[in-house]
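An overview of the molecular structure
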Amino acid sequence: MDAVRVDEAETLIVNGLTAYQMLHTKAKVRAGQTVLVTGAAGGVGSILVQLARNAGAHVIGTASPRHHEALRALGVEPIDYRDPDLAARVRTLAPDGVDAVFDHLGGASVTLSYRLLNRTGTLVSYSIAAALDGTRPILLDFLPLLAKLAFWNHLPTHRHASFYDIWAGAGKPDSAKREAFRARTRTDLTHVLNLLRDGVLTAQIAARFPLAEAAAAMELAESSTRTAPGKIILAP
Ligand SMILES: NC(=O)c1ccc[n+]([C@@H]2O[C@H](COP(=O)([O-])OP(=O)(O)OC[C@H]3O[C@@H](n4cnc5c(N)ncnc54)[C@H](OP(=O)(O)O)[C@@H]3O)[C@@H](O)[C@H]2O)c1
């Protein structure tokens, strides 16, 4: 493989692998399909939208208005996630429902995400970010999510719902499963880094700081008004 910049590659190790496997392994998104990405300007979301566009899908993404222009430039139809008419807006863009939803919020969002699917659609849930405020044990929100996903899968429909975990299989005592995890990670990460090298994926780097300015980097990371999406890189 030709060289890719280390800091650019770093932005894709976890988020790129997550987005790639959710899109291609879990939801198997094809050209012409319509997908909904929650948090489309976030670390995982921003890669999901690029991969989905590259696969030929129509992409609807929820994000704060400050990111809408950048999302439109990527060919994404942005919707403000605070818009009380969010569901109606999605249904206007995809009257029969969407083929896949990638939901990082859990709670009420994941229920809405499931309702926005078409008859054969796939929901991929991958976090309960809406509940991660540190005020209660995460199992109190995670277990109901898993119960919901299992319940939906038992309904007599052609829809599918599942939780994605990048580490699934990594800690298995069964060495065949562990080896399968390693092989899958190696293969998929190679695809992701090739897409970066080929210019299909753009690494989203919001800013670079020297290590000595780590406090300023944290301040920027936590700022709710920053417009440049992506990772903040600390260089030694
Ligand atoms: N399951 C796995 O294997 C796996 C792998 C990787 C990451 N994750 C998890 O996935 C989650 C997202 O990670 P990330 O790196 O993408 O986070 P991130 O970069 O912080 O992005 C999160 C995005 O969420 C958006 N957001 C906030 N409130 C929202 C709402 N109510 N509705 C829709 N979007 C909202 C924000 O959008 P704006 O900026 O537009 O306001 C932000 O861009 C984290 O909880 C992470 O731990 C799971």
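An account of the accompanying structure is given in this report. All figures in this text were calculated on a predicted structure; none of them were measured in a lab.

So, the packing of helix α2 (residues 14-26) against helix α3 (residues 43-54)
Close contact between α2 and α3 brings their axes to 8 Å; oriented N to C, the two are set at 50°. With respect to their mutual orientation, α2 and α3 come out oblique. Between α2 and α3 lies a crossing of right-handed hand. Residue-level inspection shows N15, G16, T18, A19, Y20, M22 and L23 of α2 in contact with α3, the latter providing G43, V44, I47, L48, L51 and A52.

A look at the site of the ligand
Around the ligand lies a shell of 23 residues, among which G43, S64, Y81, S127 and I166 are the nearest. Between the ligand and G43, the relevant distance is 2.8 Å, taken from an oxygen atom to a main-chain nitrogen or oxygen of the residue. A distance of 2.8 Å separates an oxygen atom of the ligand from a polar backbone atom of V44. Bound to the protein, the ligand loses 68% of the 930 Å² it would expose on its own. Within the residue set of the shell around the ligand, elements represented by two or more residues are α2 and α3.

Regarding the environment of A129
You can see A129 is positioned in the loop between β5 (117-125) and α7 (139-154). Spatially, the C-alpha atoms of A129 and L93 are 26 Å apart, while their sequence positions differ by 36 residues. Once residues lying within four places of it in the same chain are set aside, the contact partners of A129 are H104 and L105.

Here we look at the packing of aromatic side chains
Scanning all chains against the criterion turns up 3 aromatic pairs. Plain terms: the ring middles of F142 and F163 are 5.0 Å apart, the flat faces sit at 80° to each other, and that makes the pair edge-to-face. On the criterion of sequence distance, the pair formed by F142 in helix α7 and F163 in strand β6 (residues 160-163) is long-range, its members being 21 residues apart. For F142, a relative accessible area of 21% translates into the label partly exposed. On the basis of relative accessibility, which here comes to 23%, the residue F163 falls in the partly exposed class. Residue placement shows R159 over the ring face of Y114; its charged tip is 5.0 Å from the ring centre.

Criteria and thresholds
Throughout, a residue's number is its position along its own chain's written sequence, starting from 1. Confidence filtering applies because this is a predicted model: local features only for residues at pLDDT of at least 70, side-chain atom pairs given and counted only at 80 or more, and all residues used for totals across whole chains, interfaces and linings. Working from all heavy atoms in the structure, the side-chain values ignore hydrogens and water. Working convention: axes come from line fits to C-alpha atoms, limited for helices to the stretch in contact. Angles between N-to-C directions cover 0 to 180 degrees. Numbering of helices and strands starts at the N terminus; helices are DSSP runs of H or I of at least 4 residues and strands are runs of E of at least 2. With respect to orientation, any angle under 35 degrees is reported as roughly parallel, any angle over 145 as roughly antiparallel, any angle of 65 to 115 as roughly perpendicular, and every other angle as oblique. The handedness criterion is simple: a crossing whose near helix is rotated anticlockwise from the far helix by less than a right angle is left-handed, and one whose near helix is rotated clockwise is right-handed. The contact definition used throughout considers only heavy atoms, calling two residues in contact when any of these lie within 4.5 Å. Only a single heavy atom is needed: when it lies within 4 Å of a molecule or strand, its residue is near that molecule or strand. Counting of polar contacts relies on pairs of N or O atoms within 3.5 Å, with two restrictions inside protein: one atom must be capable of donating a hydrogen and the other of accepting it, and residues adjacent in sequence are counted only when both atoms are side-chain atoms. Surface accessibility follows the Shrake-Rupley procedure with a 1.4 Å probe radius. Residue values consider only the protein chains on display as shielding. Think of it this way: a Phe, Tyr or Trp ring, Trp meaning its six-membered ring, pairs with another when their centres are within 6.5 Å, and the plane angle makes it stacked under 30 degrees, edge-to-face over 60, tilted otherwise. Summary of the burial criterion: residues with accessible area below 20% of their type's maximum are buried, those above 50% are exposed, and those between are partly exposed, where the area comes from a 1.4 Å probe applied to protein chains only. Geometrically, a charge over a ring is one whose NZ (Lys) or CZ (Arg) sits within 6 Å of the ring centre while staying within 35 degrees of the ring normal.

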